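Below, each chain spelled out in residue letters.
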Amino acid sequence: MADESGVLDQITGPCDLKRLSPGELTRLAGEIRAELVAAVARYGGHLGSNLGVVELTIALHRVFDSPRDRLLFDTGHQAYVHKMLTGRRDLRRLRSRGGLSGYPCRAESEHDVLENSHASTALSYADGLAKAYRLSGEDRRVVAVVGDGALTGGMAWEALNNIGGAGDRPVIIVVNDNGRSYSPTAGGLADHLARLREGAPGRSGGRAPRPVFEELGVEYLGPVDGHDEAMVEAALRRARALGRPVLVHCVTTKGYGYPPAEDDPVERFHAPGRFDPATGRKTRASGRSWTEAFSAELVEIGAEDPHIVAITAAMLHPTGLAAFQAAFPERTYDVGIAEQHAVASAAGLALGGAHPVVAVYSTFLNRAFDQVLMDVALHRLGVTFVLDRAGITGDDGPSHNGMWDLSILQVVPGLRVAAPRDAARLRGLLREAVAVDDAPTVVRFPKGELPPETDPVAAVGAVDVLARDGTEDVLIVAVGPFAGLCLEVAERLGAQGVGVTVVDPRWVQPIDPAVTELAGRHRLVAVVEDNGRVGGVGDAVARLARDAGLPADVHTFGIPQRFLEHAPRTELLAEIGLRADDLAGVLGARLAGPRSKERETTTPILEGVR
Ligand SMILES: Cc1ncc(C[n+]2csc(CCOP(=O)(O)OP(=O)(O)O)c2C)c(N)n1
Ligand SMILES: CC(=O)[C@@H](O)[C@H](O)COP(=O)(O)O
Ligand SMILES: [Mg+2]
């Protein structure tokens, strides 16, 4: 890390910043950048965004008095500098178990407020906090730092409507405008910000446009060079003194100060993974990823069917839609960080005869649940949702795990969910999904590399049988890529003389009747899913078996109903008991216990199945 005689080494908290000279502030910024590059290169995380807010964050902590004044970071991926200036300069073990979270974390510091990594929420918190301080009579400023990308989220405008409408609450909004989310930020707002940045004539020609914010009752200060610490400070001091809603428009460069990031055409080192700090050369994953498999198949499908269109919420590359856009630019839509609009506009596209494929990370679909339910499902529209990062992602913290989709989607009438176990099933299930034009379909898969392919040994209807031995002691229902884990469990139990059937339903909603039938014939049923244990596939299997009057003893192995602290996925799986030895141990113990029911002594259902 930095030279011990450096300026950063003297910073134990924001108070130490206030006495630094301009020269020391410049040195401090350089030291911070060096440590950011070194830490993210080694531990992963977000670099481009943090490099872009070094001067801004220094200025924030010199002008405002955190934690009395509240500093909110929208999305929170750009809060590393804030952490380094509030007593957490050591970024070693960033995002690892027990190390610093990659987002603000109240357990780490009184300076941290907003832990949710879902974008476009900070202005709403700011509105709420300002109202609370007005009621309590506390003289505290609320400052929300929001990126130009996060500002494209609808909730940000719901908040602006309230903040501006009140007109007298001292909310300070700092727009960190680097013109990008991952890619250049899409839409009319991005164009408006660009005109404000460049002092370009408004759409109607003539002088620079009036900032839209002022029309809403929020004063506008800017544009300000976000890398000139003194300029930012001056603007923030003016904003602080105003005592009413004000927006400071900071213009920054994503990746500023690290040429490999500044020159990164795809995402400015937004989330670069590991890389060589000296050259910026990123460490490539050894195997093919789920995202790459999806990306390639969708291009094939798009070439065969002109009705297929693709929608991203500002994540064209991370969700694998870049190849589809390259092939079909006129059929690809980046709606900004606006998942609700993505889904409702997909409903419009479907009503117009297209078949939209909405590609989002699982956790971000939570935000558009009502649109899935009331705009797509209610109208029985053919929209396909591709949920990447489904299941535990781990090091991005609790709000990034894709652990809720199988539960919340259970209640959507008519919606069908597929969970492929490997690339071959992904290709097939994606094609089956886009062929459905009278209901929403979902294809979900995890982050990272594809597992080896597992071909079935038999099939019962649409259900793949992956292993069987005919004794019908234990049925294991494998959801998606947990198929490999389930086959390991079957091996362990088999070695103990326990007969195990492993099936992969492929479509996990609705539950195939063959699964329910099988469940009713085995002494014990285990459903293994990379989703919360409550309200997922396991609960559905148990409910349906019960409704059918089948005495199934169903045990769901999944994620416990709590928020998981950040840690690598493998460590979290071990912590919650989702390893082969854990499952085999639980199932073996349950079998050793008293029989939960007498089994009919009839021919096993799978005998002679092809
Ligand atoms: C609701 C939601 N959708 C998508 C994301 C994924 N995401 C994380 S950061 C980011 C881009 C943010 O852009 P911006 O707000 O401009 O911040 P910058 O990285 O440019 O500083 C996106 C899309 C998210 N965190 N939340
Ligand atoms: C902050 C945010 O939401 C994204 O940048 C996310 O962290 C990326 O996750 P992946 O690294 O899994 O693409
Ligand atoms: Mg941005």
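About the cut-offs
- Residues numbered from 1 in each chain as written.
- Chains lettered and ligands numbered in written order.
- Predicted model: local features only at pLDDT ≥ 70, side-chain atom pairs only at ≥ 80, totals over all residues.
- Heavy atoms only, no water.
- UniProt positions renumbered as here; feature names shortened; annotations may be inferred.
- Donors = N, O, S within 2.8 Å, 3.2 Å for Na, K, Ca; no water.
- Axes fitted to C-alpha atoms, helices over the stretch in contact; angles between N-to-C directions.
- Helix = DSSP H or I, 4+ residues; strand = E, 2+ residues; numbered from the N terminus.
- Parallel < 35°, antiparallel > 145°, perpendicular 65-115°, else oblique.
- Left-handed = near helix turned anticlockwise from the far one by under 90°.
- Contact = heavy atoms within 4.5 Å.
- Nonpolar A, V, L, I, M, F, W, Y, C, P; charged D, E, K, R; others polar.
- Domains from an automatic or database assignment.
- Buried area = accessible area lost by both parts, 1.4 Å probe.
- Polar contact = N/O pair within 3.5 Å; in protein donor to acceptor, adjacent residues only side chain to side chain.

As annotated in an unreviewed UniProt entry, the protein chain is 1-deoxy-D-xylulose-5-phosphate synthase from Microbispora triticiradicis. The UniProt entry for the protein chain carries this comment under Pathway (unreviewed entry): "Metabolic intermediate biosynthesis; 1-deoxy-D-xylulose 5-phosphate biosynthesis; 1-deoxy-D-xylulose 5-phosphate from D-glyceraldehyde 3-phosphate and pyruvate: step 1/1." According to the UniProt record, the Catalytic activity (unreviewed entry) comment for the protein chain is "D-glyceraldehyde 3-phosphate + pyruvate + H(+) = 1-deoxy-D-xylulose 5-phosphate + CO2".

1. Looking at the coordination of the magnesium ion (ligand 3)
Ideal geometry at a metal centre: 109.5 degrees between donors when four sit tetrahedrally, and 90 or 180 degrees when six sit octahedrally. Asp 148 (OD), Asn 178 (OD1) and Arg 180 (O) make up the full set of protein donors to the magnesium ion (ligand 3), lying at 2.0 to 2.2 Å. Each donor residue of the magnesium ion (ligand 3) belongs to the same chain, with the gaps between them written as D-x29-N-x1-R.

2. Considerations on the packing of helix H12 (residues 290-304) against helix H18 (residues 423-434)
Packing of H12 against H18 brings their axes to within 10 Å, and their N-to-C directions diverge by 40°. For the element pair H12 / H18, the angle class is oblique. Of the two possible hands of crossing, H12 and H18 adopt the one that is right-handed. Touching Trp 290, Ala 293, Phe 294, Glu 297, Leu 298, Glu 300, Ile 301 and Glu 304 of H12 are Ala 423, Leu 426, Arg 427, Leu 430, Arg 431 and Val 434, all from H18. In the contact of H12 with H18, the residues fall into nine nonpolar, no polar and five charged.

3. Looking at the domain arrangement of the protein chain
Domain annotation for the protein chain reports domain 1 (7-263), domain 2 (290-444) and domain 3 (458-592). On a C-alpha basis, the centres of domain 1 and domain 2 stand 31 Å from each other. Taken together, the contact between domain 1 and domain 2 spans 19 residues of the former and 17 residues of the latter. Of the roughly 1400 Å² buried where domain 1 meets domain 2, counting both sides, 47% is carbon and sulfur surface. Our enumeration of links across domain 1 and domain 2 arrives at eight residue pairs in polar contact (both at pLDDT 80 or more). Residue classes in the side of domain 1 that touches domain 2 are distributed as six nonpolar, eleven polar and two charged.

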